[in-house]
Amino acid sequence: MTCAGSWPTGQYDVSSHHTDGAQLLVIAKEPIPGKVKTRLTPPCTPREAAALAGAALEDTLRTVARVPVARRVIALDGAPGAWLPAGFTVVPQRGDGLDERLAAAFDDAHRKSPTPIVLIGMDTPQVSPDLLAEAVSSLGTHDAVFGPATDGGFWLLGLRVPDPDLLLGVPMSEPTTGEIQLNRLIEAGMSVACLPCLTDVDTMADAVEVAALAPHSRFAAALAGTAVL
């Protein structure tokens with residue numbers, strides 16, 4: 001899986017990137033026991049898995065809130081709770097499969113504000129504001145930005161001008177999802193910048209790895225509070 005301009009992992013300076021005219025979009029589920037992070041049960045209970053999902057979501061949203069963009073949006077399956085910081089516009093998710101929901105989230109955000117969009121999920125609480133700022137800034141020189149995930153998917157997708165055809169029909173939650181999505185962008189003639197590969201939290205092994213990468217996060221505290229470790 002390759003794309004133009006691959007950056008190494010490291011620290012970036014938010015102030016050095018041009019991010020003001022774009023928007024960050026988070027696609028998320030309300031953290032309800034039995035509805036989220038079901039692959040963590042067992043060894044977690046449904047309540048513990050939901051607590052981990054909620055902590056990851058909070059970490060993600062608070063990271064997004066630290067990036068100086070024009071607009072922050074959450075495409076939400078469910079209802080907002082106390083975990084939602086101020087300054088986010090909430091839009092309901094639309095569609096059946098994940099490809100449809102991603103395409104709809106891009107479309108809804110772009111119709112309200114026709115500016116470049118960077119979309120991120122709620123499963124990478126280790127992400128930094130600097131890395132998100134780099135993603136947004138890259139849309140000034142590329143048509144798209146892509147963040148591959150270690151499980152073969154992707155943790156971030158940014159588009160200067162969203163188009164549903166770039167996402168619809170891409171098989172999701174498969175080992176080849178990221179490769180297929182990246183090829184879809186390249187075959188459309190787009191210039192694509194790549195971010196570092198990150199681990200999505202799907203399994204308990206992922207959770208332990210991510211908590212070690214972000215030891216001071218809400219996610220790490222929630223994992224430490226489970227009866228599993």
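Residues numbered from 1 in each chain as written. Predicted model: local features only at pLDDT ≥ 70, side-chain atom pairs only at ≥ 80, totals over all residues. Heavy atoms only, no water.

Draft legend 1. Up close: the pattern of salt bridges. Enumeration over the complete set of coordinates arrives at nine salt bridges. Between Asp 107 and Arg 94 there is a salt bridge, with the nearest N and O atoms lying 3.6 Å from each other. Here Asp 107, found in helix α2 (residues 98-112), pairs with Arg 94, found in the loop between β4 (88-92) and α2; they are 13 residues apart in sequence, far enough to count as distant. For Arg 94, a relative accessible area of 38% translates into the label partly exposed. Residues Arg 160 and Asp 143 are paired through a salt bridge, measuring 3.8 Å at the closest nitrogen-oxygen approach. Residue Arg 160 is found in the loop between β7 (154-159) and α4 (177-187), and its partner Asp 143 is found in the loop between α3 (129-138) and β6 (144-148); the two are separated by 17 residues along the sequence. Assessed through its relative accessible area of 29%, Arg 160 is described here as partly exposed. With a relative accessible area of 25%, Asp 143 lands in the partly exposed category. Linked through salt bridges whose partners overlap, the residues forming this network are Glu 58, Asp 59, Arg 62 and Arg 218. (Salt bridge = Lys/Arg side-chain N within 4 Å of Asp/Glu carboxyl O. Helix = DSSP H or I, 4+ residues; strand = E, 2+ residues; numbered from the N terminus. Buried < 20%, exposed > 50% of the residue type's maximum accessible area, 1.4 Å probe, protein only.)

Draft legend 2. Region of the structure containing the environment of Ala 50. Relative to the helices and strands, Ala 50 resides in helix α1 (residues 46-65). Residues Ala 50 and Asp 206 lie 156 residues apart in sequence; the distance between their C-alpha atoms is 16 Å. Setting aside residues up to four positions removed in sequence, Ala 50 forms contacts with Pro 31, Ile 32, Pro 33 and Val 36. (Contact = heavy atoms within 4.5 Å.)

Draft legend 3. Up close: unusual backbone geometry. Here the bond from Thr 41 into Pro 42 is cis, since omega is -10 degrees, no more than 30 degrees from zero. Cis rather than trans, the peptide bond between Pro 42 and Pro 43 has omega equal to 15 degrees. As for its position among the elements, Pro 43 is in the loop between β2 (23-29) and α1. Look at Lys 37: it is not a glycine, yet its phi comes out positive at around 50 degrees. If you trace the backbone, Lys 37 turns up in the loop between β2 and α1. Within the chain, Ser 173 stands out as a residue other than glycine whose phi angle is a positive 60 degrees. As for its position among the elements, Ser 173 is in the loop between β7 and α4. Of the residues examined, Ser 173 reaches a relative accessible area of 71% and is grouped as exposed.

Draft legend 4. Highlighting the layout of surface pockets. Empty space within the largest pocket amounts to approximately 900 Å³. Along the lines of polarity and charge, the residues of the lining of the largest pocket split into twelve nonpolar, eight polar and ten charged. (1 Å grid on protein atoms, 1.4 Å probe; cavity = no way out; pocket = protein on both sides within 12 Å on 5 of 7 lines; lining within 4 Å. Points joined across faces, edges and corners; volume = space filled by probe spheres on them. Nonpolar A, V, L, I, M, F, W, Y, C, P; charged D, E, K, R; others polar.)

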